[in-house]
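Here's the letter readout for the chains.
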Amino acid sequence: MTEVKIPFELAGGVRAYHSKVWPGLVLEWKQEHLLLEFPAEADCISSAVYGGGMGRLKRAVNQYVSRDYECSNPVRDMENKLAEWGYPAEGCAGLMTAVPLEHAAVAEEDTGSAGIFCCVTAAAGNAARAGVERSVLKAYRLGTINIMLGIDGLLTPAAMVNAVMTAAEAKAAALADLGITDPENGLIATGTTTDAVVLAVSGSRRYGAEHVYAGTATELGGAVGRLVYAAVTASLQSVKAVQEQARKNGE
């Protein structure tokens, strides 16, 4: 079974998580955001609201914003925050979430041909099913399931796209197994209306392997799927546990 940690709920005020599989990769819980810092620039593909697309990445931030965040210009808002936090805008991907950051879940695995790191913040308040007619959003809305993946290894561009596909499939599987439905139609949700993903790949040849595929029948894809499934599940369950406790307390 894949081990998952909720690292920032640990006693003693732990604020940093050091990867066990990608040397030098650090996830830090800072003011209003999670910072994922890579030891060197990495190849990236992402749907991040800031710095999305394909390129080179040195860091990714997952910013916490309130549910009533005014979403008219998230790129400008992220630029302002990066400047406030002292991060260079270049080489940065920025995500936004209304999930309290203490619910971030981390899972890792060394497959022997790559080291894979996964961090997820997830809630299902706007769960949705792809493939059916439903309400659409006319403007940006902050992300609800944000996935930050880091792979220490060598992947072709096609394999990177394949890894993102596998991550999306694993996310959908986690929602299905938890019985989370789209409130508009009662069908099993495949995600939420505002999910985002960042995948960063080191390009390291230290494992002596080049990955050209990352589907579920591959060693790499199988690990990506397990980690995303486990981290999505753990983050959702962490949020649910707090919500249930609040209801019991009459909050």
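Scroll up to find the structure this text is about.
The rules behind the values
- Residues numbered from 1 in each chain as written.
- Predicted model: local features only at pLDDT ≥ 70, side-chain atom pairs only at ≥ 80, totals over all residues.
- Heavy atoms only, no water.
- Helix = DSSP H or I, 4+ residues; strand = E, 2+ residues; numbered from the N terminus.
- Rg over C-alpha atoms; globule rule 2.2 N^0.38 Å.
- Buried < 20%, exposed > 50% of the residue type's maximum accessible area, 1.4 Å probe, protein only.
- Contact = heavy atoms within 4.5 Å.
- Lys, Arg positive; Asp, Glu negative; His and termini not counted.
- Charge placed at Lys NZ, Arg CZ, Asp CG, Glu CD.
- Polar contact = N/O pair within 3.5 Å; in protein donor to acceptor, adjacent residues only side chain to side chain.
- Disulfide = S-S within 2.5 Å.
- Phe/Tyr/Trp six-rings, centres within 6.5 Å; stacked < 30°, edge-to-face > 60°.
- Lys NZ or Arg CZ within 6 Å of the ring centre and 35° of its normal.
- Core = buried A, V, L, I, M, F, W, Y, C linked by side-chain atoms within 4.5 Å.
- Pairing = 2+ DSSP bridges.

(A) Broad picture of the overall build of the chain. Check the secondary structure of the chain and you find three helices and 14 strands. For a compact globule of 251 residues, the expected C-alpha radius of gyration is about 18 Å, and the chain comes in at 17 Å, within 12% of that figure. On the principal axes, the C-alpha backbone points of the chain span a range of 55 × 40 × 40 Å. Counting over 251 residues, the chain shows a buried share of 51%. Looking at the chain alone, contacts between residues at least 24 apart form 74% of all its contacts between residues at least 6 apart. For the chain, the distance from the average position of its 21 positive side-chain charges to the average position of its 28 negative side-chain charges is 2 Å.

(B) Quick peek at the side chain of Thr144. In this fold, Thr144 is placed in the loop between strand 9 (127–128) and strand 10 (145–152). In terms of polar contacts, Thr144 uses its side chain to reach the side chain of Asn126, at 2.8 Å.

(C) Seen up close, the state of the cysteines. If you walk through the whole model with that rule in mind, you get zero disulfides. Here Cys44 stays free of any disulfide, with the sulfur of Cys92 as its closest cysteine sulfur at 10 Å. A relative accessible area of 5% means that Cys92 is categorised as buried.

(D) Up close: the packing of aromatic side chains. Using the criterion set out here, one finds four aromatic pairs in the structure. An angle of 45° between the planes, with centres 5.7 Å apart, marks the rings of Phe8 and Trp29 as tilted. Here the residue Phe8 occupies a position in the loop between strand 1 (4–5) and strand 2 (16–18), and Trp29 occupies one in strand 3 (residues 26–30), the gap between them amounting to 21 residues. Given a relative accessible area of 5%, Phe8 falls into the buried group. Ring centres 5.4 Å apart and planes at 40° place the aromatic pair Trp22 and Phe38 in the tilted group. Of this pair, Trp22 sits in the loop between strand 2 and strand 3 while Phe38 sits in strand 4 (residues 33–46), and the two are 16 residues apart along the sequence. Like Phe38, Trp22 is buried. Sitting above the plane of the Trp29 ring, Arg15 keeps its charged end 4.5 Å from the centroid.

(E) The nonpolar core, seen in detail. Leu149, Ile151 and Val228 are the most contacted members of the largest nonpolar core, which totals 37 residues. With nine residues, helix 3 (residues 219–248) is the largest single contributor of residues to this core. When residues no more than four places from it in sequence are discounted, the contact partners of Ile151 are Trp22, Ala114, Gly115, Ile116, Leu199, Ala200, Val201, Ser202, Leu220 and Val224. Of all hydrophobic cores here, the second largest spans 25 residues; its members include Ala42, Leu95, Val198 and Ala200.

(F) Inspection of the pairing of strand 8 (residues 115–122) at higher detail. In terms of residue burial, strand 8 counts as a mostly covered element, since eight of its eight residues are buried. Of the two faces of strand 8, both are covered, the one formed by Gly115, Phe117, Cys119 and Thr121 as well as the one formed by Ile116, Cys118, Val120 and Ala122. As judged from the six bridges shared by strand 7 (residues 105–110) and strand 8, these two strands associate in the antiparallel manner. Within the sheet, the bridge partner assigned to Asp110 lies in strand 8 and is Gly115. Counted between consecutive antiparallel strands, the loop separating strand 7 from strand 8 contains four residues, among which Gly112 sits at a positive phi close to 95°. Here strand 8 pairs with strand 10 via eight bridges, running antiparallel. Paired with Thr121 across the strands is Asn146, a residue of strand 10.

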